[in-house]
Structures are given as C-alpha cells and as structure tokens.
Amino acid sequence: MEASAIQKIVENQRVYFQSGQTLEISFRIRALSRLKAAVMQYENQIAKALQEDLGKSNFEGYMCEIGLTLSEISYMQRHIKSFAAEKRVRTPLAQFPSRSYQKPSPYGVTLVMSPWNYPVLLTLEPLADAIAAGNTVVLKPSAYSQHTSTVLEKMIRDCFDPVHVAVITGGREENTQLLNQHFDYIFFTGSQSVGKQVMQKAALHLTPITLELGGKSPCIVDRDANLKLAAKRIVFGKYLNCGQTCVAPDYLYCHKEIQNELLAEIKKQIKKQYQEHPLDSSGYGKIINRKHFDRILGLMEKEKIVCGGEYNADTLQIAPTVMDPVSFDDAVMQEEIFGPLLPVLTFSSMEEAIAKIQSMPHPLALYIFTGSQKTAKKVIARCGFGGGCINDTIIHLATSNMGFGGFGESGMGSYHGKEGFATFSHYKSMVDKKTWLDLPMRYRPAKKIHEKLVRLFLR
C-alpha cells in the first residue's frame, strides 16, 4: 500500500475519533458484538487459514486462538461499563469542598501490530481491548501468516468502517510507512529486534507503547517435583504450535539429581502426546517458513540429541526434540529458540539456579516445578520475568482476569481484561471544585492563621 493511502487512513480515523463517535459506551458494546459475531461467522475460514499457515488442527486453532479471542470479547462486554466509569477517590481536606475522580479516556488513533505465531489471538485480543476503551484502530497483521491475514482483512472490512477499524497488510515497507505516522498509541507483539525499531519510531512522536516481546523463558524443575506430571505439562507447553509460542519453556533447567529420571518421563510424554512418529501425527503443526526452519535446524547439534531430531524439509516440520547435555555457552542458548527444541541444563542448588537466571536478560515467562511453596516463592520473588506458573506451563496467559505482559528485555506494559482496557486508556485525574465556599488560606497575602491551617491540613 502506498504511503499516501496509509496516511489517509490515519487522518480519516483521527477525524472520526475527534467527532466523538467512539466515546459512547453503547457504541463500543455494539462494536464488540459485531466483532464477536464476525469471529463466529468466519470460524471455519479462520481455522482453514491457520491450518495452511501453521499446520494447526481445528482443535488447537480453537483452543489457543478462536476460543480465547471470543472469551476476551465476552469478558469486555460484561465489564466495559464498570471499566469505563469514573472512579471516585478521596479528596484531601485542604481541597474542601470538592469531588476528586479519575476518568478513563481513549488515547485516540491506535496501531496494533501483531505477529505470525498466533495471528488471530494476538491481533483480535488487543483489538477488542482497544475498541472497548473507545479508540480507533489500525491493524497490521504479519505478512508471514499470509492466509490468516487475508481472512482477517476480509472479516474486519465486513465488520467495521475503516474510519473505526482498518487493516493494512503487507511487509516491511508497510510497517515502515505505518511507523512514520503519528499514532496516539502503539501496541506491538513480536521480536526484540523489531521491538527496538518500533520504540525508536514511537519516540519521534513521544507516542506511548506496549511491547510484547519474548526471551529465553526458563523451566526450572527441582528434585522434589512430581516428575511425571511435570514432564506431561512441560511437553504440552513446549511443543504446542511446534514451540512457536512466546511463552513456551525455552529451556529445561533441572536439578542434576533428577535429570535422568525427568528425561525418561519427558521421552514417554513425547511418545504419548505425539505418537511414535510425530511428523506423521494428525494435527502436528509446522514451522512458519523456510527461513525459520533453517534457523532452528542450525541450532540442533546432532551429537546432543537424545530424543527426536527428525525433520521434513518439504513440509517444514521438525519433530519434538530434546538436547542433552547443553551448556549456557552453546549456540542454542544464545537466542530465543521459538521452535520444538528443548535444551536440558542442570544445577546443583536452587541458589545457583536463581543466580544464573538473575544474570540473564529478563524472560517473558518463568516456570517452576517443585513440591515446596517456600522454594517457589523464593524463585518468584528473586527472579525478574513477565509472568509464569508454579507446577504448570503457559496457562497463565489464558485468562482475562489478570494482565499478561513482559518485563525488561521481554517487553513493557500488559493487556487482557481490565489491564487491556487500562492499556488503551488514559486516566484523567480530575477535581470538581464547588463554588459555594472558597477557603482563603491559599491566597496572598498569607496570614499566620492561614499558615497554621496549611500545616494542619498537609501533614
């Protein structure tokens, strides 16, 4: 799309927003209802597109994308009135008589840039939050998930006037043109390298942003963990979507005393969940494109593969793979894997594990498997990360009742539910001062009695 066309879309949305059309709660509710109806109407087309782009089965597509999207929209529909209401706060006695409150207001024209790995969920969830908060939205889905982006573009065009919600497809050129525009808020989900570029562009206009990035999320397994259950849940979280999940356990960090037993259980679970030959397993997905396929293969060291390692270059599939032993100096530990490789590293004490994780960039997620709540609380308190689970993986993001987001190198800001509404809202702090009484103590010339009253009120 030409730069002039993109600029025109942004300008039209700004005029529309300034008209006040999006401010009415009833308008926002109707918009959410249309979005929900559209997702349900296009469900089969979305599922087919996810299959073509990522090899997702209908079950996985609904469980991890369509269903969670519908859940977020429904949550917003139920709570939008309370989220959008003015929140009264206590007024200091010195401001008597007055009423103080915070009023959530939309930012205005917002940009949502979404990734390819969960192209429906990570496009439509922030869209629902932005609509609920009263913004206009320009959506930029990933060019890598081409089939899904095409369906989303058609769905949004059928559902919304482009002055309210517009979709711009394309690649790097379109991304650059969009980031050259002046938006009132930018929401980006993707890699750290592109996130830095987004932040640099946003800084030119002093535009506030949310960055949902990634990182090397550790999965810690202590010696007192339930190893059978840990293996079951680790395999589920790691190999879901072929490991192309931003909060997937990036590496396994286990106590050296249970290393062999845990590996045996993980091998059993891979066979149980993905059958003897995973590449032939029904519904097992694929890597998004050749570039990422080759990158992941480049991280595999054949001599360290203890499970899996098979791949099919024609279908871009890589079997669930475990590598052991691995050190923090190995190539597979120098970048986020974002694929079905699970490196195994060990520690001798929890203090050692904590110190190592503290020395690394803050990950998006952290998982701890242990039978000790004391140990779990220590790890959670001392390690910096976005969010996580105790004795499970990835499920902390599957709720609208708490925010999801990164920390440090893994991003900034959060969304989902109330946090999502807040992300796309500016809270105006207001004092409604009454006119029937005007205390004289703040005005010049100051008198001694006024100084005494000020000291009384402000201490």
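All of these numbers come straight from a predicted model, not from anything done at the bench. (Residues numbered from 1 in each chain as written. Predicted model: local features only at pLDDT ≥ 70, side-chain atom pairs only at ≥ 80, totals over all residues. Heavy atoms only, no water.)

A. Structural context of the overall build of the protein chain. Along the backbone of the protein chain there are 15 helices and 20 strands. By its C-alpha atoms, the protein chain is 85 × 55 × 35 Å across when sized along the principal axes. Burial analysis of the protein chain (459 residues in total) assigns 54% to the buried set. For the protein chain, restricting intrachain contacts to residue pairs at least 6 apart in sequence, the fraction spanning at least 24 positions comes to 72%. Carbon and sulfur atoms provide 52% of the accessible area of the protein chain, an area that totals close to 21200 Å². Of the charged side chains in the protein chain, 54 are positive and 45 negative; the average position of the first set lies 11 Å away from that of the second. (Helix = DSSP H or I, 4+ residues; strand = E, 2+ residues; numbered from the N terminus. Buried < 20%, exposed > 50% of the residue type's maximum accessible area, 1.4 Å probe, protein only. Contact = heavy atoms within 4.5 Å. Areas by Shrake-Rupley, 256 points an atom, 1.4 Å probe, with all protein chains shown as cover. Lys, Arg positive; Asp, Glu negative; His and termini not counted. Charge placed at Lys NZ, Arg CZ, Asp CG, Glu CD.)

B. Highlighting the sheet that holds strand β1 (residues 87–89). The antiparallel open sheet is built from three strands, whose spatial order is β1-β2-β20. Each of the sheet's edge strands pairs with one partner strand only, and the pair in question is β1 and β20 (425–433). Averaged over all adjacent pairs, the angle separating strand axes in this sheet is 30°, with direction ignored. As paired strands, strand β2 (residues 98–106) and β20 are joined by nine bridges and run antiparallel to one another. Across the sheet, P106 pairs through a bridge with S425, a residue of β20. (Pairing = 2+ DSSP bridges. Axes fitted to C-alpha atoms, helices over the stretch in contact; angles between N-to-C directions.)

C. Highlighting a nonpolar patch on the surface. On the surface, a nonpolar cluster with roughly 380 Å² of combined accessible area is contributed by F59, M63, F236 and I395. Positionally, I395 belongs in the loop between β16 (387–390) and β17 (404–405). We classify I395 as partly exposed; its relative accessible area is 45%. (Patch = residues over 30% accessible without salt bridge, like charges linked within 9 Å, V, L, I, M, F, W, Y side chains within 5 Å. Salt bridge = Lys/Arg side-chain N within 4 Å of Asp/Glu carboxyl O.)

D. Spatial organisation of the environment of A132. Its location among the elements puts A132 in helix α5 (residues 121–132). When its relative accessible area of 0% is taken as the criterion, A132 is described as buried. C-alpha separation for the pair A132 and L32, spaced 100 residues apart in sequence, amounts to 7.2 Å. Excluding residues within four positions of it along the chain, A132 makes contact with R28, L32, M76, I80 and F421.

E. Region of the structure containing the layout of surface pockets. Approximately 1400 Å³ is the volume attributed to the largest pocket. Around the largest pocket sit 48 residues that line it, and G190, S191, Q192, S193 and V194 are the ones nearest its centre. Residue assignment for the lining of the largest pocket shows that the elements contributing at least two residues are α7 (172–179), β6 (185–189), α8 (192–204) and α11 (290–299). The element contributing the most residues to the lining of the largest pocket is α8, with six residues. Taken together, the residues of the lining of the largest pocket break down into 21 nonpolar, 18 polar and nine charged. Approximately 300 Å³ is the volume found for the second largest pocket. In this structure, the second largest pocket is lined by 18 residues; those nearest its centre are E60, L240, Q273, Y274 and G283. (1 Å grid on protein atoms, 1.4 Å probe; cavity = no way out; pocket = protein on both sides within 12 Å on 5 of 7 lines; lining within 4 Å. Points joined across faces, edges and corners; volume = space filled by probe spheres on them. Nonpolar A, V, L, I, M, F, W, Y, C, P; charged D, E, K, R; others polar.)

F. A look at the environment of A130. Relative to the helices and strands, A130 resides in helix α5. For A130, a relative accessible area of 0% puts it in the buried group. The residues contacting A130, other than those within four sequence positions of it, are T110, N135, V137 and F424.

G. Summary view of the pattern of salt bridges. For the coordinates displayed, the defined rule picks out 15 salt bridges. Residues D184 and R14 are paired through a salt bridge, measuring 2.9 Å at the closest nitrogen-oxygen approach. Taken as a pair, D184 in the loop between α7 and β6 and R14 in helix α1 (residues 3–18) lie far apart in primary sequence, 170 residues in all. Classification of D184 by relative accessible area gives buried; the value is 18%. On the basis of relative accessibility, which here comes to 22%, the residue R14 falls in the partly exposed class. Taken together, the shared-partner salt bridges in this structure form one network comprising E351, K378 and R382.

H. Up close: the packing of helix α12 (residues 350–358) against helix α13 (residues 373–382). Closest axis-to-axis distance for the α12/α13 pair is 10 Å, and the angle between their directions is 20°. Viewed along their axes, α12 and α13 adopt a mutual orientation that is roughly parallel. The handedness of the crossing between α12 and α13 comes out as right-handed. On α13, the residues touching M350, E351, I354 and Q358 of α12 are T375, K378, V379 and R382. When the residues that make up the contact of α12 with α13 are grouped by side-chain class, the tally is three nonpolar, two polar and three charged. (Parallel < 35°, antiparallel > 145°, perpendicular 65-115°, else oblique. Left-handed = near helix turned anticlockwise from the far one by under 90°.)

I. Just unusual backbone geometry, in detail. Residues D324 and P325 are joined by a peptide bond in cis, for which omega reads -5°. Checked against the element boundaries, P325 lands in the loop between β13 (321–323) and β14 (341–347). Cis peptide bonds are those with omega within 30 degrees of zero, and the linkage from R444 to P445 qualifies with -5°. Relative to the assigned elements, P445 resides in the loop between β20 and α15 (448–457). The backbone of I394 shows a phi angle near 60°, a positive value even though the residue is not glycine. A relative accessible area of 9% means that I394 is categorised as buried. Within the chain, H416 stands out as a residue other than glycine whose phi angle is a positive 95°. By the secondary structure assignment, H416 is in the loop between β19 (414–415) and α14 (417–423).

J. The arrangement of the side chain of T22 in detail. Residue position: T22 is located in the loop between α1 and α2 (25–41). Residues contacting T22, with those up to four places away along its chain left out, are Y16, F17, F27, R28, G134, N135, T136 and H164.

K. Seen up close, the sheet that holds strand β8 (residues 218–221). Taken together, seven strands build an open sheet; the order of strands is β10-β13-β14-β9-β8-β15-β16 and the sheet is mixed. Looking at which strands have only one partner, the edges of the open sheet turn out to be β10 (305–307) and β16. Sheet twist, expressed as the mean angle between neighbouring strand axes with direction ignored, is 25°. As paired strands, strand β9 (residues 251–255) and β14 are joined by four bridges and run parallel to one another. The residue of β14 that forms the bridge with Y253 is L345. Each of β8, β9, β10, β13 and β14 touches helix α10 (residues 259–274); the most contacted strand, β9, lies at about 140° to it. Of the strands in this sheet, β8, β9, β14 and β15 (365–369) are in contact with α12, which crosses β9 at around 155°.

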